[in-house]
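Chain by chain, the residues run as shown.
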Amino acid sequence: MRTIAVVTGTRADYGLLRGLLRAIEADPALHLRLIVTGTHLSEAFGRTVAEIEGDGFAIAASVPIWSDDDTPLAAAADVGRALPGFAAALSEIAPDVVVVLGDRLEAFAVATAATILSVPVAHIHGGELTEGAMDDALRHAITKMSFLHFTSTADHRRRVIQLGEAPDRVFFHGAPIVDILDTFEAMPPREVEERFGIRLSRPTALVTFHPAVMDVAPAERLVEELLGGLLAVDDLHIVITGSNSDIGTEAVRDRIARFVSDHPDRVDYVESFGQRAYLSVMRSAAVVAGNSSSTVLEAPVLGVPSVLVGERQKGRPIAASVEVPDPNAHAIAAALRRRIAAGPSRNDDSPFGAAGFALRTAATLRDAPLPRPPKKTFHDLEQGEDDDR
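These figures come from a predicted structure and were not determined experimentally. Sequence order as written defines the numbering, with residues in each chain counted from 1. In keeping with the predicted nature of the model, local features appear solely for residues at pLDDT of at least 70, side-chain atom pairs appear and are counted solely at 80 or more, and the whole-chain, interface and lining totals rest on all residues. Each side-chain value is derived from all of the structure's non-hydrogen atoms; neither hydrogens nor water enter the calculation.

Chemist: Any chance you could break down the nonpolar core for me, citing the residues and the numbers?
Modeler: Grouped together as the largest cluster of nonpolar side chains are 57 residues, with contacts concentrated most on Val6, Leu20, Ile24, Leu206, Phe273, Met282 and Leu365. Strands are runs of DSSP state E lasting at least two residues, helices are runs of H or I lasting at least four, and both sets are numbered from the N terminus onward. In terms of residues, this core owes the most to one element, helix α1 (residues 11-26), which gives seven residues. Between two residues, a contact is recorded if the distance between any of their heavy atoms is within 4.5 Å. With residues near it in sequence (within four places) discarded, Leu20 still touches Val99, Ile124, Phe357, Ala358, Thr361, Ala362 and Leu365. In plain words, nonpolar cores are sets of buried Ala, Val, Leu, Ile, Met, Phe, Trp, Tyr and Cys residues tied together by side-chain atoms within 4.5 Å. Exposed residues in this analysis have more than 50% of their type's maximum accessible area, buried residues have under 20%, and partly exposed residues fall in between, with area computed by a 1.4 Å probe over protein chains only. In terms of nonpolar packing, the next biggest core, distinct from the first, is built from 28 residues, Ile65, Val100, Ala107 and Ala111 among them.

Chemist: How would you summarise helix α6 (residues 154-162) if you had to cite specific residues and measurements?
Modeler: Along α6, the residues classified as buried are His156, Arg157, Val160 and Ile161. Buried residues along α6 cover an arc of 145° about the axis, so they all sit on one side. Against the buried residues of α6 lie α5 (135-145), β6 (148-151) and β7 (170-172). To obtain the arc, one takes the directions from the helix axis to the C-beta atoms.

Chemist: Before we move on, can you summarise the environment of Thr295 with the specific residues and values?
Modeler: Turning to its location among the elements, Thr295 is positioned in the loop between β11 (287-290) and α12 (298-302). Among the residues examined, Thr295 registers a relative accessible area of 1% and is labelled buried. Between the C-alpha atom of Thr295 and that of Glu165, which follows or precedes it by 130 residues, the distance is 30 Å. With residues near it in sequence (within four places) discarded, Thr295 still touches Val288, Ala289, Gly290, Pro300, Ser306, Val307, Leu308 and Val322.

Chemist: Residue-level account of the sheet that holds β6, with values.
Modeler: Spatially, seven strands are ordered β3-β2-β1-β4-β5-β6-β7 in an open sheet, and the strand pairing comes out parallel. Both outer strands of the open sheet, β3 (59-63) and β7, are each paired with one neighbouring strand and no more. Taking each pair of neighbouring strands and ignoring which way they run, the sheet shows an average axis angle of 20°. In short, DSSP must find at least two bridges between two strands for them to pair. Across four bridges, strand β4 (residues 97-101) lies against strand β5 (residues 121-124) in parallel orientation. Looking at β5, one finds that Leu101 is bridged to Ile124. Every axis corresponds to a line fitted to the C-alpha atoms, with the helix fit spanning only the stretch in contact, and the corresponding angles, defined between N-to-C directions, vary from 0 to 180 degrees. Docked against the sheet, helix α4 (residues 105-116) engages β1 (2-8), β2 (30-37), β4 and β5, running at close to 160° with respect to β4.

The quantities given are spatial measurements derived from coordinates; they are silent on function.
Encoded structure:
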């Protein structure tokens, strides 16, 4: 039996990992050990570990890592302090492989600890680009520390190979969100309204904004322009969800809190919906706005138009239903009006693969060679080499 450690640090990555966790639990040859960290353990961010416990997953280790300071210096220090916690958890669990998703600082810290302990790392969502954030550097660093790779598109697979990873260790199993949306049953709008105390009767914009240190403008300015653009669209109700724990989050959250307080007739705020409720609100929304990855992934797959603000997602595949206006209130308002007028659309050319990510990935975790230590040889591309073989 292989022991598979899986790390989750936010509501977003947990939603994407839930299906894989179920698939690992269902495989008699695999033993799941779940490590919970990041904002899951924070009261300020909704303490979303309760959702994990409510789903019935046993938690093998909890590793608190974030301080109350969102400055770059504090974030760097938090990552340094996180390493001993992750190292201790991995040493205690002794997994055959540890699974991390994405590009956040906690994923980088886990991968670093695992590399030092010679624990193979399996990385989900490598090879992607988000040029408006430092995530690119973290994501590519995690790729180089990882032994197995599960990419969300064929292009991302080629990019991981371009980074020197051997093709036989890089798998295009599709995006986890495709599994979720394939079986997703939306909650009735009235049920969402009653549970979260929000209003969905008017045309609604679902809004999420996260600070990004390398964006086209400072986060405080971008969120100000976004909120101004939303307010300029007449008869548009606004539902805002909480920002991630990123550098600069406090200023963004403070500005959003004032906006919610100043416009109670037009704005509702929910710290964390949970995945099913969030997707249910999205399905009933007239438009999705902000700079979350959901503007370029979930919204297009569901056929909901979206407006992407800033460069946080620059480099990701952008569907025709996604508009990227200049980062000022006037242009954002105009884009919102155009997307709302265009209405729902079908995205029949999604690059994110077919449903089945969880089962394919669990099978690979079960069957792929996992040497200890996980030594790798840099894979040099030859001119004209076919990376899809």
